[in-house]
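# Structure at a glance
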Amino acid sequence: MSSTEASLQRAFKIVTQAQNDLIKSTPQLDHALSNSAAQGLPSIAIAPAQGVSLSILCQLVQARHVLEIGTLGGYSTLFFANSVPGVKVTSIEYNPKHHAVAKENTTDATNVEIILGAALDVLPKLAAEGRKFDFVFIDADWDEQREYFDWAVKLTNKGKAIYVDNVVRQLTEAEADGSEKGRALIDHVRQDERVEATLIPTLSTHKVKTSELVDGYLLAVVK
Ligand SMILES: C[S@@+](CC[C@H](N)C(=O)[O-])C[C@H]1O[C@@H](n2cnc3c(N)ncnc32)[C@H](O)[C@@H]1O
């Protein structure tokens, strides 16, 4: 193991411990994870600590309407649903099985609407309905992120936020496989005068592969 890898692993252990000390899970969140696993959904939901940071971001922007692209079993959806009193959450999922499990996992969250459909079909409909959001969480198909981002800018109220997950991991994977992953989104967002954006690197302490330990997200505010 290289010294860089060893120091990463050490940071991983310290951060995991500290995060576990801070997290207060709930039966609703625990059930969402266990039911998703029991029904064979892939284990690709956000980490609990990331859920808390998403909830805090929603509180900071005083989100009244949250849009999520990529529901899976509704685990992240629940963090949004419980973030701000009175918040309403709209989530989009195109896989019927994921959609059904997410509906089960959020049955007692009356402020959650989960739309079955492909994001690039649903987003124009939300725009045509005049819907607006205060926080948009993008966590679906990496190849469609630029399109999601453009729709998110149209759908987000001024001064509110867009969060694109896993952009740092895409950049590091792209360096290894020679693809444009992540880079294409960065170039796209840099040219967009309607937003101010930055990358926030994180340690993904729930990941087992060393290559996935460093991740992070793009955070943008719509001007
Ligand atoms: C990483 S998972 C979402 C995890 C979830 N946000 C969480 O943390 O609990 C990505 C989800 O996006 C869905 N997805 C992928 N492409 C999509 C598309 N074009 N439209 C809608 N959903 C899509 C997948 O089926 C999958 O359930």
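Below you will find a few notes about this structure. Because the structure is a prediction, the values reported are computed rather than measured.

Quick look at the site of the ligand now. Taken together, 22 residues surround the ligand, and among them Ile46, Gly70, Ser76, Glu93 and His98 come closest. For the ligand, whose accessible area on its own is 610 Å², the fraction buried by protein is 92%. Classifying every residue of the shell around the ligand by side-chain character gives 11 nonpolar, 6 polar and 5 charged.

Next up on the list: a nonpolar patch on the surface. Taken together, the side chains of Val52, Ile56 and Leu60 make up a nonpolar region of the molecular surface, amounting to roughly 280 Å² of accessible area. Relative to the helices and strands, Ile56 resides in helix α3 (residues 48–60).

To continue, consider the sheet that holds strand β5 (residues 156–164). With respect to topology, 7 strands assemble into an open sheet ordered β3-β2-β1-β4-β5-β7-β6, the strand pairing being mixed. The open sheet has two edge strands, β3 (112–116) and β6 (195–203), and neither has a second partner. Along the sheet, successive strands turn relative to each other by an average axial angle of 15 degrees, direction set aside. In this sheet, β3 lies alongside strand β2 (residues 88–93) in parallel orientation, the contact comprising 5 bridges. When the bridges of β3 are listed, Glu93 appears paired with Leu116. Packing against the sheet, helix α7 (residues 145–155) makes contact with β1 (65–69), β4 (133–138), β5, β6 and β7 (214–222), and its axis sits at approximately 155 degrees to β5.

On to the packing of helix α2 (residues 27–38) against helix α5 (residues 96–105), then. Look at α2 against α5: their axes get within 10 Å of each other, and the N-to-C directions meet at 150 degrees. On the basis of their axis angle, the class for α2 and α5 is roughly antiparallel. In this structure, α2 meets α5 at a crossing whose hand is right-handed. Contacts between α2 and α5 involve His31, Ala32, Asn35 and Ser36 from the first element and Val101, Glu104 and Asn105 from the second. Class assignment for the residues of the contact of α2 with α5 results in 2 nonpolar, 4 polar and 1 charged.

So, about the side chain of Thr156. By the secondary structure assignment, Thr156 is in strand β5. What makes Thr156 buried here is its relative accessible area of 2%. Among the polar contacts made by the side chain of Thr156, one reaches the main-chain carbonyl oxygen of Ala152 at a distance of 2.6 Å. Beyond its immediate chain neighbours, meaning those up to four positions away, Thr156 contacts Lys132, Phe133, Val136, Ala161, Ile162 and Val222.

Turning our eyes to something else, we now look at the packing of α7 against helix α9 (residues 183–190). Where α7 meets α9, the axes come as close as 9 Å, and the angle between the chain directions of the two elements is 30 degrees. In terms of axis orientation, α7 runs roughly parallel to α9. Remark: the crossing between α7 and α9 carries right-handed chirality. Contacts between α7 and α9 involve Gln145, Arg146, Phe149 and Asp150 from the former and Ala184, Leu185, His188 and Val189 from the latter.

With that settled, consider the side chain of Gln50. Tracing the chain through its elements places Gln50 in helix α3. Each residue touching Gln50, except ones within four places of it in the same chain, is listed here: Phe137, Tyr163 and Asp165.

Inspection of every chain in the model, using the stated rule, returns 10 salt bridges. Note that Glu113 is salt-bridged to Arg131, the shortest N-O span being 3.2 Å. Pair noted here: Glu113 is in strand β3 and Arg131 is in the loop between α6 (119–128) and β4, with a separation of 18 residues, a long-range link. Owing to a relative accessible area of 35%, Glu113 belongs among the partly exposed residues under this scheme. In this structure, Lys181 engages Glu173 in a salt bridge whose closest nitrogen and oxygen atoms are separated by 3.0 Å. The exposure class of Lys181 is partly exposed, given its relative accessible area of 22%. Within this structure, Arg169, Glu173, Asp177, Lys181 and Asp215 form a network of salt bridges that share partners.

Reading the values: rules and limits
- Residues numbered from 1 in each chain as written.
- Predicted model: local features only at pLDDT ≥ 70, side-chain atom pairs only at ≥ 80, totals over all residues.
- Heavy atoms only, no water.
- Near = heavy atom within 4 Å.
- Areas by Shrake-Rupley, 256 points an atom, 1.4 Å probe, with all protein chains shown as cover.
- Nonpolar A, V, L, I, M, F, W, Y, C, P; charged D, E, K, R; others polar.
- Patch = residues over 30% accessible without salt bridge, like charges linked within 9 Å, V, L, I, M, F, W, Y side chains within 5 Å.
- Salt bridge = Lys/Arg side-chain N within 4 Å of Asp/Glu carboxyl O.
- Helix = DSSP H or I, 4+ residues; strand = E, 2+ residues; numbered from the N terminus.
- Pairing = 2+ DSSP bridges.
- Axes fitted to C-alpha atoms, helices over the stretch in contact; angles between N-to-C directions.
- Contact = heavy atoms within 4.5 Å.
- Parallel < 35°, antiparallel > 145°, perpendicular 65-115°, else oblique.
- Left-handed = near helix turned anticlockwise from the far one by under 90°.
- Buried < 20%, exposed > 50% of the residue type's maximum accessible area, 1.4 Å probe, protein only.
- Polar contact = N/O pair within 3.5 Å; in protein donor to acceptor, adjacent residues only side chain to side chain.

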